[in-house]
There are 4 protein chains.
Amino acid sequence: MEKISKNILNQVILPRNPESYKGNYGKVLIIAGSTHFGGAAILASSAAVHSGAGLVTVATTPEKFTAINTRIPEAMTIDYHNKKELLTAILNNNVIAIGPGLGTSSVAIGLVKAVLNNTKTDQTVILDASALTIIAEEKIPLQTTAHIILTPHQGEWRRLSQLEIPEQTELNNFEKLQDINPEAVLILKKHNSEIYFQDMSFKITAGNAGMATGGMGDTLTGIMAGFIGQFGYSLATIQAALLIHSVIGDKLFEKEYVVLPSKIIEKLPKYMQKFSLLNK
Amino acid sequence: MEKISKNILNQVILPRNPESYKGNYGKVLIIAGSTHFGGAAILASSAAVHSGAGLVTVATTPEKFTAINTRIPEAMTIDYHNKKELLTAILNNNVIAIGPGLGTSSVAIGLVKAVLNNTKTDQTVILDASALTIIAEEKIPLQTTAHIILTPHQGEWRRLSQLEIPEQTELNNFEKLQDINPEAVLILKKHNSEIYFQDMSFKITAGNAGMATGGMGDTLTGIMAGFIGQFGYSLATIQAALLIHSVIGDKLFEKEYVVLPSKIIEKLPKYMQKFSLLNK
Amino acid sequence: MEKISKNILNQVILPRNPESYKGNYGKVLIIAGSTHFGGAAILASSAAVHSGAGLVTVATTPEKFTAINTRIPEAMTIDYHNKKELLTAILNNNVIAIGPGLGTSSVAIGLVKAVLNNTKTDQTVILDASALTIIAEEKIPLQTTAHIILTPHQGEWRRLSQLEIPEQTELNNFEKLQDINPEAVLILKKHNSEIYFQDMSFKITAGNAGMATGGMGDTLTGIMAGFIGQFGYSLATIQAALLIHSVIGDKLFEKEYVVLPSKIIEKLPKYMQKFSLLNK
Amino acid sequence: MEKISKNILNQVILPRNPESYKGNYGKVLIIAGSTHFGGAAILASSAAVHSGAGLVTVATTPEKFTAINTRIPEAMTIDYHNKKELLTAILNNNVIAIGPGLGTSSVAIGLVKAVLNNTKTDQTVILDASALTIIAEEKIPLQTTAHIILTPHQGEWRRLSQLEIPEQTELNNFEKLQDINPEAVLILKKHNSEIYFQDMSFKITAGNAGMATGGMGDTLTGIMAGFIGQFGYSLATIQAALLIHSVIGDKLFEKEYVVLPSKIIEKLPKYMQKFSLLNK
């Protein structure tokens, strides 16, 4: 398993073309949040905005619009109960991240199916948290022709792969991912998180126990969406997104016993610029 | 095309008369926001408050009052569905900015018409975002005797002028603006944004690709409204408002890969004072 | 007219007794806010909390509870439409400030009357903004035996006193205040604000034009309430509250062209400690 | 009465195991807040999140969800009126803190009973504020086999123990606590707060009069919950939670006349890391 080098960050986070405009940096749709898990939608979409996505839309339950407007005025919102608006949003965005705080209600199941049925080549679908649980429980096949990224932590991967945590070896993970979808990327969140894609595997040697707190995964999902939106889908982009999340977390951990997701989000623009400027 | 010099900033942002009161710094009405685009109203009105407008009122849908109260307690709110209150507000404010996050519903169309039908000499109307789309789609003539400022980005200008982006040359822009309204000011937002007024044109050589993110235009609209509210309508004021937005953006971009609109807003009072103090 | 010296600040802001508890620092009731003016309630109550009031309750319309909870979790809320709860709150608080953002509806008129009819000796009533307009328009006599403080700006004082602004001379102000209530304190907010009480008058030589912005008066009202809550009703306390508001404003104005009320509020604990420590 | 040494902080706040995950740091349920006291729920749950609890759920009235999502996106929410969801939450969390801003309605009484009737060995129940009042007024016996921590201030302890404040001597406190529940820990909040457990008593010599402000107790409750969630129930953990609250308060008090609860919360990760690093 190859260790991901910090060099990936400046290789991916290139200086922007001065003549570009927001349309060049991706249209990201975050389908997230439910009555009891509103914060997850805030963290994921805030992370997407702070990581530089050109335009971010949050599809959520309307009762969360006020909190989203207050925390992230840069983001737009739609009501995910409105099927027509949701479909339009799925068709019009490059990157669709689904799952943080979604819950496993029939509405949530319908949302996961809507994404998998209506996305296609050139789009990227990130399946996280509740979306992974739904796929496992409802045995929903990952049939879209869009790029697929799965971001389970070990417990979610157990539900999805039927592998108990001690059985989650490199070999077993490769095999199960093949069964689930041979074209999908698996990001397995754990101490030294791992990436699996086809016959390749990578791991980061960053991250810390201060990051072991609620909302941390939602934040990674938002960064992943923001990075793919602006840097394009590629293994390098995925590696960079995974790594920067932990690199910032490690920096904060030097001075903070618990690393709050919202603090990582806040630091994204500065760390991204730091790595981008290494290219000069 | 003349380059706008940074000197315009200290020429416009003069030290305030110690015996003045808030009534001297303009009454600004921001007509903005709708169910799905609440953040635009927050950014525009927050920018107006931070740029020094004496009194800022946001006409929006009431579901956004809580987010506005929370983010900008300095601003007042009215419900733009209430025609009587809206009309009173249009008559009582010096500067009216309409469009950010308004959408193109029949309500929004009615709001644009109400502004154009009820404003007059000595008032300034800033038409942005959805308001520009409405004018283009509904072919609404700009008949008010108020000062008019149009702030399209290139896509909005295409809809308004029928000029494809490569055709948006200085000469063509002049001609189309004459057709639309020979007294209006056109601010064309792009890499090195441009100002057109009668037979004059100007451009800034500030701004950066880190500013290519959602909400940036809403923020400019708010600054424009705040500047005209307190410094009065003039080409110099318009130039200064356009320039300071990008000057602050450039400063932030030195350390931040993506320049969030809310960060620019936050920095307004300090940068304005910096330029004001150059007069001492 | 005597100039208020900065020494008043350390004379009033004494180090707290280590064995004290929050009950020693006053119970403050802020009756403020309405549908369109929610921010005023936030600013006034936030100022009271930050200036050290032991317990702050905001009586407002329930639609503003979320914004207040979000901005000032330290404050409690009651619904001012509930007459029984309102009366209990009026009876149980030491300091009652009424007016910021209240509007002049029949509900607001009822609130002003409820305060004046149900307060008594040892309580302090601060009448500001809409409450002053209501008193002027409804010709409501100030009959309570509580201490009364009126905090009009020049326009509000004109409505209350029938004195046009050029006629608002020291002599005329004394006379009119006698007519209105010979025991009340008048704080006339203007360039170099003035205090009138019986045959004494004072002025501050602090404050600046950067403070000429919406919400600044609401903030002063909150500071006044917080100061009287913890330091007790006295001319010295009133002078200190008026002065610190402008002293902080002047400090901010050195670096900020417009001084936002929320920034003054944020700085209160530090400036108060600075003056308190001068006693050591 | 033994003085609690600062050493307890580094003894309790140990460096985290790098291979741990959020499940290792406790599941904390905060049952708090009501229509008029929404801020208490925010402060308590925000303190739990910032002190490092792995997962924090706030059971409150749904009208407070937006404020909680906005201030603490890291926390989850449930509606405490929903008996089934509440019971599931009580069964599934390690630490349950009940009381801040709860009020004494019949709903609140039901919540206190639900906690006492459904918790058991290995769980910890923290009873604070309104929960203590309810227990005193309703004479509810503390029959759970869970660990019990009572956190009254002197007034609440008077209601609970029938001891007037001057009678709240060490001996009397021991005796009354025996009567109430011989296994419970009593934290008596006052100048130099005290801890009573069986035949042991401890006090801190930290804290200051700047902390005498609304919301300070809610904050301690959240820290207590967060500490027990991650460091486990023990006298040492309880001592450390009580002490760090005042240690941070003392640090802030050096520069701030009034120490706002939200400022203490914000500083928790830094101070905890500072003490944790003393172990290296």
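Calculation rules
- Residues numbered from 1 in each chain as written.
- Chains lettered and ligands numbered in written order.
- Predicted model: local features only at pLDDT ≥ 70, side-chain atom pairs only at ≥ 80, totals over all residues.
- Heavy atoms only, no water.
- Helix = DSSP H or I, 4+ residues; strand = E, 2+ residues; numbered from the N terminus.
- Buried < 20%, exposed > 50% of the residue type's maximum accessible area, 1.4 Å probe, protein only.
- Contact = heavy atoms within 4.5 Å.
- Phe/Tyr/Trp six-rings, centres within 6.5 Å; stacked < 30°, edge-to-face > 60°.
- Lys NZ or Arg CZ within 6 Å of the ring centre and 35° of its normal.
- Buried area = accessible area lost by both parts, 1.4 Å probe.
- Salt bridge = Lys/Arg side-chain N within 4 Å of Asp/Glu carboxyl O.
- Polar contact = N/O pair within 3.5 Å; in protein donor to acceptor, adjacent residues only side chain to side chain.
- Nonpolar A, V, L, I, M, F, W, Y, C, P; charged D, E, K, R; others polar.
- Axes fitted to C-alpha atoms, helices over the stretch in contact; angles between N-to-C directions.
- Parallel < 35°, antiparallel > 145°, perpendicular 65-115°, else oblique.
- UniProt positions renumbered as here; feature names shortened; annotations may be inferred.
- Pairing = 2+ DSSP bridges.
- Least-squares fit on C-alpha atoms with pLDDT ≥ 70 in both.
- Right-handed = clockwise from strand over helix to strand, strands pointing away.

Caption draft 1: Here's a closer look at the environment of C:Thr77. Structurally, C:Thr77 can be placed in strand E4 (residues 76–79). Residue classification places C:Thr77 among the buried residues on the basis of a relative accessible area of 1%. Dropping the residues within four chain positions of it, C:Thr77 is found in contact with C:Thr57, C:Val58, C:Phe65, C:Ile68, C:Asn69, D:Thr35 and D:His36.

Caption draft 2: Summary view of the packing of aromatic side chains. Taken as a whole and judged by the stated rule, the model has 12 aromatic pairs over all chains. Measuring from ring centre to ring centre gives 5.2 Å for D:Phe227 and D:Phe231, while their planes differ by 75°; the resulting arrangement is edge-to-face. A residue pair is termed a helical-turn pair when its members lie 3 or 4 positions apart in one helix, as D:Phe227 and D:Phe231 do in helix H9 (residues 216–231) at four residues. Since its relative accessible area comes to 0%, D:Phe227 is described here as buried. Following the ring pairs from residue to residue traces out a cluster consisting of A:Phe227, A:Phe231 and B:Tyr257. Across from the ring centre of C:Tyr25, 3.6 Å away, lies the NZ or CZ of C:Arg16, which sits over that ring.

Caption draft 3: Molecular detail of the interface of chain D and chain C. Contacts between the two partners involve 29 residues from chain D, matched on the other side by 37 residues from chain C. Together chain D and chain C conceal approximately 2,600 Å² of surface at their shared face, both sides included; 59% is due to carbon and sulfur atoms. Along the contact surface separating chain D from chain C lie one salt bridge. Note that D:Glu256 and C:Lys270 form a salt bridge whose closest N and O atoms lie 3.8 Å from each other. Counting across the interface, chain D meets chain C through 11 residue pairs in polar contact (both at pLDDT 80 or more). Taken together, the elements giving at least two residues each to the side of chain D that touches chain C come down to helix H2 (38–50), helix H3 (65–71) and helix H11 (261–277) of chain D.

Caption draft 4: Highlighting unusual backbone geometry. A positive phi angle, close to 85°, is found at B:Asp122, a residue other than glycine. Within the element layout of this structure, B:Asp122 appears in the loop between helix H5 (106–118) and strand E6 (124–127). Its identity is not glycine, yet D:Gln162 carries a phi of approximately 65°, on the positive side. In this structure, D:Gln162 sits in the loop between helix H7 (154–161) and helix H8 (170–180). On the basis of relative accessible area, D:Gln162 is assigned to the exposed category, the value being 56%.

Caption draft 5: Fine view of the interface of chain B and chain A. Contacts between the two partners involve 29 residues from chain B, matched on the other side by 37 residues from chain A. Across the chain B/chain A interface, buried area totals approximately 2,600 Å², and carbon plus sulfur atoms make up 59% of it. Linking chain B to chain A there are one salt bridge. Counting across the interface, chain B meets chain A through 11 residue pairs in polar contact (both at pLDDT 80 or more). Breaking the side of chain B that touches chain A down by element, the ones donating at least two residues are helix H2 (38–50), helix H3 (65–71) and helix H11 (261–277) of chain B. Residues belonging to the side of chain B that touches chain A are distributed by class as follows: 12 nonpolar, 11 polar and six charged.

Caption draft 6: A look at the packing of helix H5 (residues 106–118) of chain C against helix H6 (residues 130–138) of chain C. Residue and element names in this part refer to chain C. Contact geometry of H5 with H6 gives a least axis separation of 10 Å together with a crossing angle of 90°. Considered as vectors, H5 and H6 are oriented roughly perpendicular to each other. Between H5 and H6, the contacting residues are Ala-108, Ile-109 and Val-112 on the first element and Ala-131, Ile-134, Ile-135 and Glu-138 on the second.

Caption draft 7: Quick look at the UniProt feature "binding site: AMP" (unreviewed entry) in chain A. Here, UniProt's "binding site: AMP" (unreviewed entry) annotation points to A:Lys189, A:Lys190, A:His191, A:Asn192, A:Ser193 and A:Gly217. These residues run over 29 residues, yet every pair of their C-alpha atoms falls within 13.9 Å of each other. Its location among the elements puts A:His191 in the loop between strand E8 (185–188) and strand E9 (194–197). In this structure A:His191 touches D:Pro18 and D:Glu19, once residues within four positions along its chain are discounted. A polar side-chain atom of A:His191 sits 3.1 Å from the main-chain carbonyl oxygen of D:Pro18. Here A:Ser193 is to be found in the loop between E8 and E9.

Caption draft 8: Expanded view of the sheet that holds E9(A). Residue and element names in this part refer to chain A. Across the sheet, 10 strands lie side by side as E1-E10-E9-E8-E7-E6-E5-E2-E3-E4; this open sheet has mixed pairing. With partners counted over all chains shown, the strands left at the sheet margins are strand E1 (2–3) and strand E4 (76–79), one partner each. Pairing geometry for E8 and E9, over four bridges, is antiparallel. Of the residues in E9, the one forming a bridge with Ile-187 is Ile-195. Packed on one face of the sheet, helix H5 (residues 106–118) meets strand E2 (27–31), strand E5 (95–98) and strand E6 (124–127) and runs near 155° to E5.

Caption draft 9: Representation of the relation of the copies chain D and chain C. For the match of chain D to chain C, the screw axis carries a shift of 0.0 Å, the RMSD comes to 0.0 Å, and the turn is 90°. Viewed as a symmetry operation, the transformation between the two copies matches a four-fold axis. Taken together, the interface assignments show that only 10% of the residues at the interface of chain D recur at the interface of chain C, consistent with different surfaces on the two copies.

Caption draft 10: Local environment of the arrangement of the chains. A gap remains between chain A and chain C, which never touch, and the nearest two C-alpha atoms on either side lie 10 Å apart. Nothing in chain B touches chain D, and the closest approach of their C-alpha atoms is 10 Å.

Caption draft 11: How the structure looks around the pattern of salt bridges. Per the counting criterion, the structure on display carries 20 salt bridges over all chains. Ionic pairing is found between C:Lys190 and C:Glu194, a salt bridge with its closest N-O pair at 3.1 Å. By relative accessible area, which is 28% here, C:Lys190 ends up partly exposed. Connected through salt bridges with shared partners, the residues A:Glu256, A:Lys263 and D:Lys270 form a single ionic network.

Caption draft 12: Layout of the relation of the copies chain B and chain A. For the pair chain B and chain A, the superposition axis carries a translation of 0.0 Å, the fit reaches an RMSD of 0.0 Å, and the rotation angle comes to 90°. A share of only 10% of interface residues in chain B that are also interface residues in chain A marks the association as one of differing surfaces.

Caption draft 13: Highlighting the side chain of B:Ser34. All names here are of chain B. Here Ser-34 shows up in the loop between strand E2 (27–31) and H2. Taking relative accessible area as the criterion, Ser-34 reaches 12% and is therefore assigned buried. A distance of 2.8 Å separates a polar atom in the side chain of Ser-34 from the backbone oxygen of Gly-101. Apart from the residues lying within four places of it in its own chain, the contact partners of Ser-34 are Thr-61, Lys-64, Tyr-80, Gly-101, Leu-102 and Gly-103.

Caption draft 14: Looking closely at the side chain of B:Thr133. Residue and element names in this part refer to chain B. As for its placement among the helices and strands, Thr-133 is situated in helix H6 (residues 130–138). For Thr-133, a relative accessible area of 11% corresponds to the buried category. Setting aside its immediate chain neighbours within four residues, Thr-133 contacts Thr-104 and Arg-159.

Caption draft 15: Main features of the sheet that holds strand E5 (residues 95–98) of chain C. All names here are of chain C. One open sheet holds the 10 strands; their spatial order is E1-E10-E9-E8-E7-E6-E5-E2-E3-E4, and the pairing between them is mixed. Each edge of the open sheet is held by one strand with a lone partner, namely strand E1 (2–3) and E4. Where strand E3 (residues 55–60) meets E4, four bridges bridge the pair, whose relative direction is parallel. Note that in E4 the partner of Thr-60 across the bridge is Asp-79. Lying on the sheet, helix H2 (residues 38–50) is in contact with strand E2 (27–31) and E3; it crosses E3 at an angle near 170°.

Caption draft 16: Main features of the pairing of strand E3 (residues 55–60) of chain D. Residues and elements named next belong to chain D. Among the six residues that make up E3, five are buried, leaving the element largely enclosed by the rest of the structure. Bridging between strand E2 (residues 27–31) and E3 involves five bridges; their strand directions are parallel. Following the sheet pairing, Lys-27 is matched in E3 by Leu-55. For the crossover that starts at E2, traverses H2 and ends in the parallel E3, the hand is right-handed. Each parallel crossover has a hand, and the one from E3 via H3 to strand E4 (residues 76–79) is right-handed.

Caption draft 17: Quick peek at helix H7 (residues 154–161) of chain A. Residue and element names in this part refer to chain A. Considered for burial, the residues of H7 that qualify are Gly-155, Glu-156, Trp-157, Leu-160 and Ser-161. Residues of H7 that are buried make contact with helix H6 (130–138), strand E7 (147–150), helix H8 (170–180) and E8. Directly after H7, the chain includes Gln-162, whose backbone phi takes a positive value near 65°.

Caption draft 18: Broad picture of the pairing of strand E6 (residues 124–127) of chain C. Residue and element names in this part refer to chain C. Burial along E6 is two-sided: Thr-124 and Ile-126 and Val-125 and Leu-127, pointing in opposite directions, are all buried. Where E5 lies against E6, four bridges are found, and the strand directions are parallel. Bridge assignment links Ile-96 to a residue of E6, and that residue is Val-125. This β-α-β element, E5 to H5 to E6, shows right-handed connectivity. Once the chain exits E6 it traverses H6 before rejoining the sheet at strand E7 (residues 147–150), and the crossover so formed is right-handed.

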